[in-house]
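Summary of structural features
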Amino acid sequence: MLRIAVPNKGSLSETASQMLAEAGYSLRRDPKQLVFTDHQNEVEFFYLRPRDIATYVGSGALHVGITGRDLLLDSGSIAHEVSSLDFARSTFRFAAPVGEYTEISQLQGLRIATSYPALVDTFLRERGVTAHLVPLDGAVESAVRLGVADAIADVVETGATLRAAGLEVFGPVILESSAVLISAPEEQPGLRTLMRRLHGVLVARQYVIMDYDLPVAHLDEAVTIAPGIESPTVSPLRDPEWVAVRVMIPRASANQMMDALYALGARALLVTAIHAARL
Ligand SMILES: Nc1ncnc2c1ncn2[C@@H]1O[C@H](COP(=O)(O)OP(=O)(O)OP(=O)(O)O)[C@@H](O)[C@H]1O
Ligand SMILES: O=P(O)(O)OC[C@H]1O[C@H](OP(=O)(O)OP(=O)(O)O)[C@H](O)[C@@H]1O
Ligand SMILES: [Mg+2]
């Protein structure tokens, strides 16, 4: 049975569970439950703190897990990333009061507050900067104003939290992070199935199916506009001068493609959602 670590709290937990449900797994109904077995799919879910997941998976006690790339690297675990899951995207940055610093060499000997001390320590060490790290659990943006640090290193998504605290980013990007699927050093056979299912969920979220009818003379141009993943399906219509085309397209550009194809002469353009996919 594949033993899977799932975040029980924080910003990864809801989307992680939602993705697993969309991938066809049964999940706990009671949010207090710590372990749940999905007998039909032969997997066991362990609900754990996102920060601890890499430790369990690295030890081999659990086979795979969902966590953040930043948490994986900070943990020092030997678990490895097998795939990005395309949510909880963020960058990990240095920040300080507006106008204070422009480069990390200025951090030499200063105090840096962070919830990711190992990640920051490695980054600075590799660049020859020695600073004093102040480990904090969260709300790191307040550390400078409250006098316990000169700068911070933290997760930045929109930058709103930094701005509200009078801080700005400086220096190089420490890390581009997102939710990731991680595996124990020894990969279990069930991992590939889980990965394909989760990938299928990502595809179903990012792509839609478009059908349209088109005068056959415009087919080459239409395929340039919407080339699909491999190649569009082209079927004959009763009228020999027209064809029916079916193609997968990115959800985000569906309307632009419909406009362009309509202008080319396509008609009866229909877009439908994908519920599950294996590519
Ligand atoms: N605002 C955000 N946008 C995108 N990803 C984020 C954001 N805040 C945290 N993350 C990501 O979530 C993961 C951290 O999860 P964790 O649950 O430990 O912290 P959290 O989401 O900050 O929860 P909490 O602050 O409630 O304890 C990391 O991978 C981090 O990069
Ligand atoms: O760039 P933004 O869109 O403002 O998002 C970034 C903020 O979101 C997270 O905080 P969270 O709410 O998880 O609180 P925490 O600091 O206590 O973890 C993160 O730690 C940053 O503080
Ligand atoms: Mg947080």
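Nothing here was measured: the structure is a model prediction, and the numbers come from that model.

**Points about the nonpolar core**
- Ranked by internal contacts, the top residues of the largest apolar core, which has 60 residues, are Val57, Ile112, Ala151 and Ile152.
- With 5 residues, strand β9 (residues 151-156) is the largest single contributor of residues to this core.
- Both of domain 1 (2-88 + 178-188) and domain 2 (90-176) provide at least three residues apiece to this core.
- Alanine 151 has contacts with Phe94, Ala95, Ala96, Tyr101, Leu107, Leu110, Ile112 and Val144, leaving out every residue within four places of it along the chain.
- Counting 14 residues, the second largest nonpolar core, distinct from the first, contains Tyr207, Ala222, Val243 and Val247.

**Some points on the site of ligand 2**
- The full set close to ligand 2 counts 13 residues, and Gly138, Val155, Glu157, Thr158 and Thr161 are the nearest of them.
- When residues of the shell around ligand 2 are traced back to their parent elements, those giving at least two are β9 and α5 (160-164).
- Counting residues per element, the shell around ligand 2 draws most heavily on β9, which supplies 3 residues.
- Considering only residue class, the shell around ligand 2 consists of 5 nonpolar, 5 polar and 3 charged.

**Points about the sheet that holds strand β13 (residues 233-236)**
- The antiparallel open sheet is built from 4 strands, whose spatial order is β13-β14-β12-β15. Edge strands, defined here as strands with exactly one partner in the open sheet, are β13 and β15 (267-273). This sheet shows a mean twist of 20 degrees between the axes of neighbouring strands, independent of strand direction.
- In this sheet, strand β14 (residues 242-250) lies alongside strand β12 (residues 207-215) in antiparallel orientation, the contact comprising 9 bridges. Within the sheet, the bridge partner assigned to leucine 214 lies in β14 and is valine 243.

**Remarks on the environment of histidine 218**
- Looking at the secondary structure, you find histidine 218 in the loop between β12 and α7 (219-225).
- Sequence separation between histidine 218 and glycine 265 is 47 residues; the distance between their C-alpha atoms is 7.8 Å.
- Those residues in contact with histidine 218, other than ones at most four positions away along the chain, are Leu264 and Gly265.

**A few points about the environment of alanine 266**
- Structurally, alanine 266 can be placed in the loop between α8 (254-264) and β15.
- Residue classification places alanine 266 among the buried positions, given that 23 C-beta atoms sit within 10 Å.
- C-alpha of alanine 266 to C-alpha of leucine 219: the two residues are 47 residues apart in sequence and 9.6 Å apart in space.
- With near-sequence residues (within four places) excluded, alanine 266 lies in contact with Tyr212, Asp213, Leu214, Ala222 and Leu261.

**Overview of the UniProt feature "domain: Histidine biosynthesis HisG C-terminal" (unreviewed entry) in the protein**
- Cross-referencing UniProt, the feature "domain: Histidine biosynthesis HisG C-terminal" (unreviewed entry) maps to residues 204-275 in the present numbering.
- Spanning residues 204-275, this segment combines 29% helix with 40% strand, and its end C-alpha atoms are found 6 Å apart.

**So, the site of ligand 1**
- Not every one of the 15 residues close to ligand 1 is listed here, only the nearest: Gly10, Ser11, Gly68, Ala88 and Glu157.
- Residue contributions to the shell around ligand 1 reach at least three from each of two domains, namely domain 1 (2-88 + 178-188) and domain 2 (90-176).

**Some thoughts on unusual backbone geometry**
- With a phi close to 55 degrees, glutamate 42 is a non-glycine residue in the positive phi region.
- Mapped onto the fold, glutamate 42 is located in the loop between β2 (35-38) and β3 (43-48).
- Phi at alanine 88 takes a positive value of approximately 50 degrees, unusual for a residue other than glycine.
- Here alanine 88 is to be found in the loop between β5 (80-84) and β6 (90-97).
- Take alanine 88: there are 23 C-beta atoms within 10 Å of it, and that puts it in the buried class.

Calculation criteria
- Residues numbered from 1 in each chain as written.
- Chains lettered and ligands numbered in written order.
- Predicted model: local features only at pLDDT ≥ 70, side-chain atom pairs only at ≥ 80, totals over all residues.
- Core = buried A, V, L, I, M, F, W, Y, C linked by C-beta atoms within 7 Å.
- Buried ≥ 20, exposed ≤ 12 C-beta atoms within 10 Å, placed from the backbone.
- Helix = DSSP H or I, 4+ residues; strand = E, 2+ residues; numbered from the N terminus.
- Domains from an automatic or database assignment.
- Contact = placed C-beta atoms within 7 Å.
- Near = placed C-beta within 6 Å.
- Nonpolar A, V, L, I, M, F, W, Y, C, P; charged D, E, K, R; others polar.
- Pairing = 2+ DSSP bridges.
- Axes fitted to C-alpha atoms, helices over the stretch in contact; angles between N-to-C directions.
- UniProt positions renumbered as here; feature names shortened; annotations may be inferred.

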